Amino acid sequence: VRWRAARVRRVAEVGVGELPEGRTRHSEAVLLAAGVVPNTELATAAALAAKDGILVDEYLRTSDPAISALGDCTRFPCMFHPEPARLESVQNAIDQARSIARRLTGRPTRYANLPWFWSNQGSARLQIAGLGTGFDRSFVRGDPDDGRFSVFLHRGNQLVAVESVNATADHLAARNLLTKGMSEHSKVTAQTSVELPDGWPQEPTLGISDGQPRPDR
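Below, the structure is looked at part by part. Since we're looking at a predicted model, the values are computed, not measured.

Here is what the cut-offs are and how they apply
Residues numbered from 1 in each chain as written. Predicted model: local features only at pLDDT ≥ 70, side-chain atom pairs only at ≥ 80, totals over all residues. Heavy atoms only, no water. Core = buried A, V, L, I, M, F, W, Y, C linked by side-chain atoms within 4.5 Å. Buried < 20%, exposed > 50% of the residue type's maximum accessible area, 1.4 Å probe, protein only. Helix = DSSP H or I, 4+ residues; strand = E, 2+ residues; numbered from the N terminus. Contact = heavy atoms within 4.5 Å. Expected span 1.5 Å × (residues − 1). Arc of directions from axis to C-beta. Polar contact = N/O pair within 3.5 Å; in protein donor to acceptor, adjacent residues only side chain to side chain. Pairing = 2+ DSSP bridges. Axes fitted to C-alpha atoms, helices over the stretch in contact; angles between N-to-C directions. Phe/Tyr/Trp six-rings, centres within 6.5 Å; stacked < 30°, edge-to-face > 60°. Salt bridge = Lys/Arg side-chain N within 4 Å of Asp/Glu carboxyl O.

## Let's talk about the nonpolar core
Consideration 1: Formed by 23 residues in total, the largest nonpolar core has its most connected members in L60, F76, C78 and L159.
Consideration 2: Listing elements by their share of this core, those giving two or more residues are strand 10 (158–165) and helix 3 (168–179).
Consideration 3: Of all the elements, helix 3 adds the most residues to this core, at three residues.
Consideration 4: Those residues in contact with L60 that sit more than four places away from it in its chain are S68, A69, F76, Q96, S99, I100, R103 and Y111.
Consideration 5: Core analysis: the next-biggest nonpolar cluster, separate from the first, contains seven residues, A124, F149, V160 and A161 among them.

Shown next as C-alpha cells:
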C-alpha cells in the first residue's frame, strides 16, 4: 500500500506518517523524496521569462539583457545536457557568478563549465562529474563490494557522466575527460590497474550540444 504523508516522524523502529487531515499511519519503510521549487516570483513580476527557473542565455542574461541571473533558480543552455538545465549545485552557482563577473568587466565568455557534485554520506564520499540524463550504457570500474568504484555512463558512444564512490582519482580524471569532450574505452575503464591520466589521448567524438565533431585538445 502506498500513501503520501504531509510529515514523517520516526518512533522507535517504525515510521509514522502524518496525513494532511491529521490522521497518522504506521509504516515499515518510508521513502523520502525531497525536491525544491525555484523562486521565480520576482522574475515573473519583472516580466522576465521563466519556466521551472529563470530562463537565461549562454551568457546568463535573462530575457531582459540588462538583468543577469545565476544559481539554482536559473535554467540555462548546457552543452553537457540535451536540453536547457537547472542545476542545484554550489559549483554551478559559483562558476556562473564568475562568468557574469567576467562579462560585466569586459571579458565575456559563453558559460560552458562542466557540472560536478559531491556529498559525504557516512564513510562514503560520493562524487559525480557530468550529467547522466538519458544514458543508455554503463560500465563499472572497481568493485562495489570493496566500497571503492566508479560507474561510467554513456549516451551512444559519448561518455556523459562518471559517478564515483570513494574513488577521487577516477572523479578528477573524469572531469578532465569530460571537459575535453573525450570518450573512453570500456575495457580500459573497467581495469582498476590502469590509471586514467589527465591527458589520456583519445579519438575525437561527437559533441553533445550540437552533434558536430569536437577535436581532441
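## Things to note about the side chain of R141
Consideration 1: Within the secondary structure, R141 is located in strand 8 (residues 137–143).
Consideration 2: Overall, the relative accessible area of 5% leaves R141 in the buried class.

## Considering helix 2 (residues 90–104)
Consideration 1: For helix 2, built from 15 residues, the straight-helix expectation of 21 Å at 1.5 Å per residue is met to within 8% by its first-to-last C-alpha distance of 21 Å.
Consideration 2: Restricting attention to buried positions, one finds in helix 2 the residues Q91, N92, D95, Q96, S99, I100 and R103. In an axial view of helix 2, the angular spread of the buried residues amounts to 160 degrees, which keeps them on one side of the axis. Residues of helix 2 that are exposed and point more than 90 degrees away from the buried face comprise V90, R98 and L104.
Consideration 3: Among the residues of helix 2, the N-terminal cap falls to S89, whose side-chain oxygen and the backbone nitrogen of Q91 are separated by 3.3 Å.
Consideration 4: Of the residues flanking the end of helix 2, it is G106, one or two places downstream, whose phi is positive at about 85 degrees.

## A short note on the sheet that holds strand 6 (residues 116–121)
Consideration 1: Across the sheet, five strands lie side by side as 6-7-10-9-8; this open sheet has antiparallel pairing. Where the open sheet ends on each side, the last strands, each with one partner, are strand 6 and strand 8. Each adjacent strand pair in this sheet contributes to an overall mean axis angle of 15 degrees, direction not counted.

## What to know about the packing of aromatic side chains
Consideration 1: For the structure shown, the criterion picks out one aromatic pair.
Consideration 2: Each ring, one from F76 and one from Y111, has its centre 5.6 Å from the other, and the planes form 75 degrees; the classification is edge-to-face. Of this pair, F76 sits in the loop between strand 5 (74–75) and helix 2 while Y111 sits in the loop between helix 2 and strand 6; the two residues are 35 residues apart in sequence, bridging distant segments of the chain. Residue F76 shares its accessibility class with Y111, and that shared class is buried.

## Comments concerning the pairing of strand 10
Consideration 1: With seven of eight residues buried, strand 10 lies mostly within the body of the structure.
Consideration 2: For strand 7 (residues 124–130) and strand 10, the ladder comprises five bridges, and the chain directions are antiparallel. Bridged to Q127 within strand 10 is S164.
Consideration 3: In this antiparallel pair of consecutive strands, strand 9 (residues 148–155) and strand 10, the connection spans two residues, and G156 shows a positive phi of 65 degrees.

## Quick word on the pattern of salt bridges
Any two side chains of opposite charge can pair, on the condition that their charged atoms come close.
Consideration 1: Tallied over the entire structure, the rule returns six salt bridges.
Consideration 2: Across the pair R86 and D52 runs a salt bridge, and its minimum N-O distance is 3.6 Å. Highlighted residues: R86 in the loop between strand 5 and helix 2 and D52 in the loop between helix 1 (41–45) and strand 4 (54–55), separated in sequence by 34 residues.
Consideration 3: Judged by relative accessible area, which is 16%, R86 ranks as buried.
Consideration 4: Of the charged contacts in the structure, one is a salt bridge between D170 and R141, with a shortest N-O distance of 3.1 Å. Of the two residues, D170 is situated in helix 3 and R141 in strand 8; the sequence distance between them amounts to 29 residues.
Consideration 5: Salt bridges sharing partners connect three or more residues here, namely D52, R75, R86 and E88.

Nothing here speaks to function; it is all geometry.
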